[in-house]
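Architecture and fold: a report
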Amino acid sequence: MPSILIVEDEPALVRGLKDAFASRGFDVLTAQDGATGLDLALSTNPDLILLDIMLPRVNGYEICRMVREQGLEMPILMLTAKGQEEDIILGLNLGADDYIGKPFRIAELVARVNAFLRRSKAKQAEVFRFGDFELNLAAHKLFRKDREVELTPREFRLLAYLVSRRGCALPRNNILNAVWGHSIVVTPRSIDRCVATLRAKIEPSYIQTIRDIGYRFEPEP
């Protein structure tokens, strides 16, 4: 039974979300303030966290930051009001995996949560399959229908980072730090150039551009 922690301060929304996920077989924990939510996140290590930004006592940004500082890697899906683009970017930079804007449809949210839980399990694998492709992390190779696709070391690191976080909105700064490293002076244009060459070697639509944020790897329709 997957576990989900809902940290949200609107009582009616909490009740609706709890009922929706419980009826679908989830073990649901809830918190209506940030301090309680943080305690539950650290003590129970849920499979996924639904996290509002504006919370009493401790806000969603701090919860996200402190959860990641403790080395917990469960997906964090932030609940945001429409038009909060700067808030979205800040949350993603602090370690959130994606966001969904309020108001939202419960069915869409449940589908997103299920997709993240599937992808979270896949992140532990050494071999990732998408479409006709197979990315083997141990062998450091990409294959398409058993034929190797030649990648530069940088292209391979970028693809491995994107694929292992499939479905996540990834800010350019996060990609730079993960693929190029903190000590190398590069610009976001370096990512764009590497993405362009990588798209030419795989299906271009797999790597989606998220305006003003970065990229998302999404091989599934």
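Above this text is the structure in question.
Below you will find a few notes about this structure. These numbers come from a predicted model, not from an experiment. (Residues numbered from 1 in each chain as written. Predicted model: local features only at pLDDT ≥ 70, side-chain atom pairs only at ≥ 80, totals over all residues. Heavy atoms only, no water.)

**Overview of the nonpolar core**
Among the nonpolar cores identified, the biggest contains 47 residues, and Phe21, Leu50, Val113, Leu159 and Ile175 are the most heavily contacted of them. Per-element accounting of this core gives the leading share, 7 residues, to helix α6 (residues 153–164). When neighbours within four sequence positions are excluded, Leu159 is seen to be in contact with Phe130, Leu135, Leu142, Leu151, Leu198, Ile202 and Phe217. Grouped together as the second largest cluster of nonpolar side chains are 25 residues, Ile49, Val67, Ile76 and Ile210 included. (Core = buried A, V, L, I, M, F, W, Y, C linked by side-chain atoms within 4.5 Å. Buried < 20%, exposed > 50% of the residue type's maximum accessible area, 1.4 Å probe, protein only. Helix = DSSP H or I, 4+ residues; strand = E, 2+ residues; numbered from the N terminus. Contact = heavy atoms within 4.5 Å.)

**Some remarks on the side chain of Ser3**
Examined against the element boundaries, Ser3 turns out to sit in strand β1 (residues 3–7). Setting aside anything within four residues of it in sequence, one finds Ser3 in contact with Asp27, Pro46, Asp47 and Leu48.

**A short note on the pairing of strand β2 (residues 27–31)**
Across 5 bridges, the pairing between β1 and β2 is parallel. Residue pairing for β2: Ile6 is matched across the bridge by Thr30. In this view, the connection linking β1 to its parallel neighbour β2 by way of helix α1 (residues 11–22) has right-handed handedness. (Pairing = 2+ DSSP bridges. Right-handed = clockwise from strand over helix to strand, strands pointing away.)

**Some remarks on helix α4 (residues 85–93)**
Residues separated by three or four positions in an α-helix point in the same direction, a consequence of the helix having 3.6 residues per turn. Every buried residue of α4 is listed here: Ile88, Gly91 and Leu92. Here the buried residues of α4 occupy an arc of 95° about the axis, which is enough to place them on one side. Of the surrounding elements, those touching the buried residues of α4 are α3 (60–69), β4 (76–81), β5 (98–102), β10 (170–171) and α7 (172–180). (Arc of directions from axis to C-beta.)

**Quick notes on the packing of helix α2 (residues 34–44) against α3**
Contact geometry of α2 with α3 gives a least axis separation of 10 Å together with a crossing angle of 20°. Here α2 lies roughly parallel to α3, going by the angle between them. Like other packed secondary-structure pairs, α2 and α3 cross with a definite hand, here right-handed. Residue-level contacts link Gly34, Leu38, Ala41 and Leu42 of α2 to Ile63, Met66 and Val67 of α3. Counted by class, the contact of α2 with α3 contains 6 nonpolar, 1 polar and no charged residues. (Axes fitted to C-alpha atoms, helices over the stretch in contact; angles between N-to-C directions. Parallel < 35°, antiparallel > 145°, perpendicular 65-115°, else oblique. Left-handed = near helix turned anticlockwise from the far one by under 90°. Nonpolar A, V, L, I, M, F, W, Y, C, P; charged D, E, K, R; others polar.)

**Section: the packing of α6 against α7**
In the contact formed by α6 and α7, the axes pass within 9 Å of each other and the chain directions differ by 125°. Relative to α7, α6 is oriented oblique. At the point where α6 passes α7, the crossing takes the right-handed sense. Facing α6, whose interface residues are Arg154, Arg157, Leu158, Tyr161 and Leu162, α7 presents Asn174, Ile175, Ala178, Val179 and Trp180. In the contact of α6 with α7, the residues fall into 7 nonpolar, 1 polar and 2 charged.

**Points about unusual backbone geometry**
Lys102 connects to Pro103 through a cis peptide bond whose omega is -10°. Assignment of secondary structure puts Pro103 in the loop between β5 and α5 (106–122). You will see that Arg57, though not glycine, has its phi angle at about 75°, which is positive. Counting through the fold element by element, Arg57 comes out in the loop between β3 (48–52) and α3. Backbone geometry at Lys145 places phi at a positive 50°, although glycine is not the residue there. Lys145 sits in the exposed class, given a relative accessible area of 62%.

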